[in-house]
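Below are the chains, spelled out letter by letter.
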Amino acid sequence: MGHHSRRESFAGSTSTFRLDLEPEPTDLLWPFGNIDGLDRDDIRETAYEIFFTACRSSPGFGGRNALNYYSSNQENTDGGSGFGSGAPNRGNGVGLLGTSRMKRVLGLKTLRRSTSRRTSSVGGGGSSNPSSPGGHGHGTFGSNPGSSPSMSFTVPPGKLKRPLTSAEIMRQQMRVTEQSDNRLRKTLMRTLVGQMGRRAETIILPLELLRHLKPSEFNDAHEYHLWQKRQLKILELGLLLHPSIPLDRSNTFAMRLRDIVRSSESKSIDTGKHSENMRALCNSVVSLAWRSPTGAQTDVCHWADGFPVNIHLYLALLHSIFDLRDETLVLDEIDEILELIKKTWSTLGISRAMHNLCFTWILFQQYVVTGQTEPDLLCASVAMLAEVVIDAKKSDREVLYVKMLSSVLTSIKGWSEKRLLDYHESFHKGTIGLMDNLLPLALSVTKILDEDVGGAAVSAPEERKLEPAVDSTGNRVDQYIRSSLKTAFTKVLETEDPNDKTGEIEQKAKESLFQLAKETEDLATKEKETFSPILKKWHPIATGLAAVTLHNCYGTVLKQFLAGVSTLTNETIEILQRAGKLEKVLVSMVVEDSVDYEDGGRAIVREMVPYEVDSIILSLLKTWIEERLKKARELFERAKETETWNPKSKTEPYAQSVVELMKLAKQTVDDFFEIPIRTSDDLVHDLAGRLELLFQDYTTFVASCGSKQSYIPTLPPLTRCNRDSKFIQLCKKASPCKIGTEDSHHNGSNEGNHPRPSTSRGTQRLYIRLNTLHYLLSHIHSIDKTLALSPRLSPSSTTKPTRFPHNRRQLGCGSSYFDLARSSIQAASQHVSEIAAYRLIFLDSNSVFYESLYMGDVANARIRPALRILKQNLTLLGAILTDRAQPLAIKEVMKASFEAYLMVLLAGGSSRVFYRSDHEMIEEDFDSLKRVFCACGEGFIAEEVVEREAETVEGVVTLMGQCTEQIMEDFSIVACEASGIGMVGSGQKLPMPPTTGRWNRSDPNTILRVLCHRNDGAANQFLKRTFQLAKRR
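Read on for an overview of the structure. (Residues numbered from 1 in each chain as written. Predicted model: local features only at pLDDT ≥ 70, side-chain atom pairs only at ≥ 80, totals over all residues. Heavy atoms only, no water.)

Topic: the overall build of the protein
So the rule is basically this: To qualify as a helix, a DSSP run of H or I must reach at least 4 residues; to qualify as a strand, a run of E must reach at least 2; elements of each kind are numbered from the N terminus. Three labels apply to residues, based on accessible area from a 1.4 Å probe with only protein chains included: buried if under 20% of the type maximum, exposed if over 50%, partly exposed otherwise in between. In this analysis, two residues are considered to be in contact whenever any of their non-hydrogen atoms come within 4.5 Å of each other. Exposure was quantified through the Shrake-Rupley algorithm and a 1.4 Å probe, taking into account, for residues, occlusion by the shown protein chains and nothing else.
For the protein, the count of helices and strands is 37 helices and 4 strands. Burial status across the protein gives 52% buried among its 1033 residues. Partitioning the intrachain contacts of the protein with sequence separation of at least 6 by distance along the chain shows that 78% fall at a separation of at least 24. Total accessible area on the protein stands at roughly 47200 Å², and carbon and sulfur atoms take up 51% of it.

Shown next, in the form of C-alpha cells:
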C-alpha cells in the first residue's frame, strides 16, 4: 500500500473529521505563517514522532508499566483522577464535569459514549500487550483497507475488553498507522541501546529514523521515498529555513545539507552505513543542530524549535484533544494528554506562555471551524485568555512570544469584531448567548493588544487591516453599536427606495419613507429588547446610543429625499410629520436610558440632528432659488449663442437679452418676497449673491469684444530721409508747396461740404454693448432697493458668518448688495468704450486720418477733412449712446485720436517727411483737434481733461520745432541715460533704444523717430553714422 492510499483510508474513515490547522472555509486569519514543502499529514506524523520520542519512558509508550485510561462512562468505578497521575479509575458518574480538572476549569462537558469508545479487544488474534512494538491489535488499526477498519474501534461480540493506553489514544487521535508506529518504536530501540536515560531533546529524530530504517521495512520504494523526503524536509525546515539560532548562509554544513535535500527530490538517497551521502548528512545535521547562540558547548540540540515550524507541530499535537467523531467535543482524557504533550516542550522550544497562547488559539479555532455550534469552546477560549493576560503582563517576555501574541490576538480580534460590528446579522434571539461570550473575548483581546502589545510586534499586513484600537471598552462597544445599527438600517433601506424617480414620484416616495420610518422604529424596539441588556454590561447608555444612531440614519435618508423636492406639497408635509413621530420615539428612548448617566445623556443627545421643519422649509426655499436662477442662467447661455447686438428700436438702444434677463431677475425677487414666511437676512444675501454672480457673468459676456491692439497699425521699420529721394522729387513736381492754403481735394468728390460719418456697423454694435451695460446697471439699482426695503425681511437668526459680514440696513444707503457687480460693469464699460474708440479712429476713419494726414507733405494734407468726419462720427455717437454712456465714450475717442495723431508724427512710414518749418502747421492742426473735443456735446469733457490728455502730443510737437542739432544732442543724452552707459566715449556707438509704444518727448525711441522723419542732411548723416539705417527709396 502506497503513501497516498494510506491517507485516503484515513480520510474515508470518518466523514466529520478534519485536522484543520489553518481554517479553510472561514474568514479566521491564520496567525502563525506558512511552511512550504509539508502538508498537514506530514506535520501531524512528524508531531506524533516527536511526541512519542518525548514520552518513550512513560507507561504505555514502551515503559515498564502501562498507564491505562478508562472511559468516563464505565460503571462501578470510584475515586477521582489525578492531573496526569495515571490513576486507573474514573469518576463515579456519566458526563460529570468533576472527572477532569481541566474540563472543570474550562467549563467543558464530559463525553457520553458507549463503553466501547475507549476500549480495545484482547485475544482473537490481537496482541495482549498493547505496549509491544510488534503488537498489531486487530481491533484497532490496519485490518481492512476497503472499509477503513484502522479507525474503527467497535469490538466484536465475545471479545474481551481492556482500556486503551495513552500511546494508543494518541496514535488513534493522530491517525498514525500501526506500521508507522512500529517503525518508530524499532528506531528508538536501536537508537537508545545502552543509553535508555538519554533525554529526548538530545535526539535528532529524523536523522535517527533515516539511519535505522531501510527501504525493506516499507511496503514499496515509493512509500519509502515519500517518507524519506518528509524526514529530510523536516531537517531542512528546522535547520536551514527556520532555525531557532540564526544561520549564516555561507555555512558549509548548511550548503551540504541543502544539496542533499535537493538531490532527494527525484529519488531516494542511499542511507547505508558506508554511504558517502549518509556520512555527509550526519556531519551536517549534527553540526547544525548542536550549535548555540554564543558558540559555547550546549547539551540541547536545536532542530525543531524554530518558529513557525515548532508552532505548527505543537498545534498538531494540541488538536488531538478533540473527539474524532464529534469535533466540537474535547476528550475526557485531556488532562493526561496535555501532561504528555508538555514533554515535547524542550524539543520544540515551547514555553508555558506559548502553550497557553497556542491552547487558547486551538480552542477558539475549533469553535470557528466547527460552525460555532459549541459555545463551550468559546467559553473555554475566554477562560484560557485569562492565563494569556497574566503571561502578557510579565516583564521577561521573549520577542518571539510578543510577535505570536500580537498575531494570534489580532486574528481573533478581526474575526470577532467582524461579527460584533454587524451583530444584528450575526446573532438573533436564540443565539444571543454567543454574543454574550464573544463580546468579553473581543474586548479582552483588544485590551491586551492596546496595553501589553502596542507597537512591540509587527504582524502580517493582512492582519493589520483592522481599525485602530480605541482607548476604552465603552468606546469599543460604542463602535459595535453604531456599526451594526448602520448596517442593519442600510439593509432595511435596500428594500425601500425613497428616491425612486419613476412613476408617481411623490406618492411612491411618501410610501417608501413611511415604511422606512416604521421599520426603523421596529429596529429600535428590537435593539432595546434583545441586544441592549447584554450591551449595557459594557456601555451605560447602549439603548440611547442605538436610538441616536438610528435617528441620524433616518435623518440622512430624509435629507436625501428632501434634496429632490422643489416645492412644499401635502406629501412632503406628511413625510415630515411621520419623521417627527419617529423622532419623538427615539428621543424618548435616549432620555429614558440616560436618566442615571453622569451627564444626563447631554453628550449623546448633542449627536442628534433635529428634524426641524423650519430649516427644511428654508432648504426648500433655497432649492426654489436655485431653480429660478437656473432659468436665468439658461437664458444667459442662449444669449451667448444668439445675441446680435442690434437694438429692437431707437427707443430701446440695447440688447434684448439684457431686457429678458433683468425682467426674470426682477420677477424672481418679487416672487421671493411673496412666499408667506419671514425671510432671514442671510437668505436674502444668498439670493443677492447668486444674482450678482449672474450679473457679473453677463457683464463679462458683454465685454468680450476683443482688444484695442487689434486695431492699432503695425509700426513700420525705421528709415532715414534724404533730400534727393525720388519720392520727394515726384511730390514737388506734382504739387508745389503752398503754405497757408487749405486742401479740399480729400473726400471732395464724395463728401462735398456735407461729409457723412464713417462709423461702421461693427462700431455701432459696440455702442449697443455700452448701452446694454448701462441698462444693466440701472436695473441692478432697482433690484437693490427692492431687496433692501422689503417689509418681509427679518434679522438673521443665525450667528454664522456669511459672505456679507454686515446687514444692509446697518450700513445705510451707502451699501449695496451688488457692489462687485457694479465694479465689474464700470470696468467693462471702460473696456468697451476704449475698443469702440480705437475701432472708430483706426479702422472706420483710417482713410481720412492715419492714411491721409500729412501724406507727402504737411501743407497739402492738413487735418481739416479728418476733423469734419470726426465731428460727424461724434454726432452719430451721441445719437446712439444713452446720456450716461456718452461722456466715457467721447473721452476714449479723444484718447484714440491723440494716439493716432502721434502715430502719424512718429510712425507714419516712409511716405511722411517733416521739416522744422512744418512745426507751426502741425501745432495749429492739433489745436483744432483739441477744440473738437472741448466743444463736443454739453460739456461732456472738461477743458482741463482735454489739456491733460494732450500733454504728451504737445510735447512731441514741441520737439519737432527744435533744430536738428538740438534734437540729436537730446537723443544722445537720453539714450545713454536709458541704457546706463553714462557718456559715449571714442569708438563707442549709441545703443538702439527699444520701441516701448509709450510716446513721450523724454523717451529716446520717440526722439529717434522724430529724427527719422526729419528731412534734413544732418539728421540723415547722424542716423547713417550711428545706426546704419537704410534711406528711403
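Focus: the packing of aromatic side chains
What counts here: Two rings belonging to Phe, Tyr or Trp (six-membered ring only in the last case) form a pair when the distance between their centres is within 6.5 Å. Interplanar angles under 30 degrees mark stacking, angles over 60 mark edge-to-face geometry, and anything in between is tilted.
Under the definition given, this model contains 28 aromatic pairs. Ring geometry for Trp-645 versus Phe-701: centroids 5.5 Å apart, planes at 35 degrees, classification tilted. Remark: Phe-701 occurs in helix 25 (residues 681–702) and Trp-645 occurs in the loop between helix 23 (613–642) and helix 24 (656–674); sequence separation between them is 56 residues. Note on Trp-645: relative accessible area 6%, which makes it buried. By relative accessible area, Phe-701 is classed as buried at 15%. Between Phe-898 and Phe-926, the ring centres sit 5.2 Å apart and the planes meet at 55 degrees, which makes this aromatic pair tilted. With a gap of 28 residues between them, Phe-898 in helix 32 (residues 886–906) and Phe-926 in helix 33 (residues 919–934) connect regions that are remote in the sequence. When its relative accessible area of 2% is taken as the criterion, Phe-926 is described as buried.

Examining the pattern of salt bridges
What counts is decided by this rule: The rule for a salt bridge is simple: a side-chain nitrogen of Lys or Arg has to be within 4 Å of a carboxyl oxygen of Asp or Glu.
Under the criterion given, the structure shown has 46 salt bridges. For the salt bridge of Asp-41 with Arg-44, the shortest nitrogen-to-oxygen distance reads 2.8 Å. Taken together, the residues span about one helical turn, with Asp-41 and Arg-44 both in helix 2 (residues 40–54) at a distance of 3 residues. Exposure class is identical for Asp-41 and Arg-44. Each is buried.

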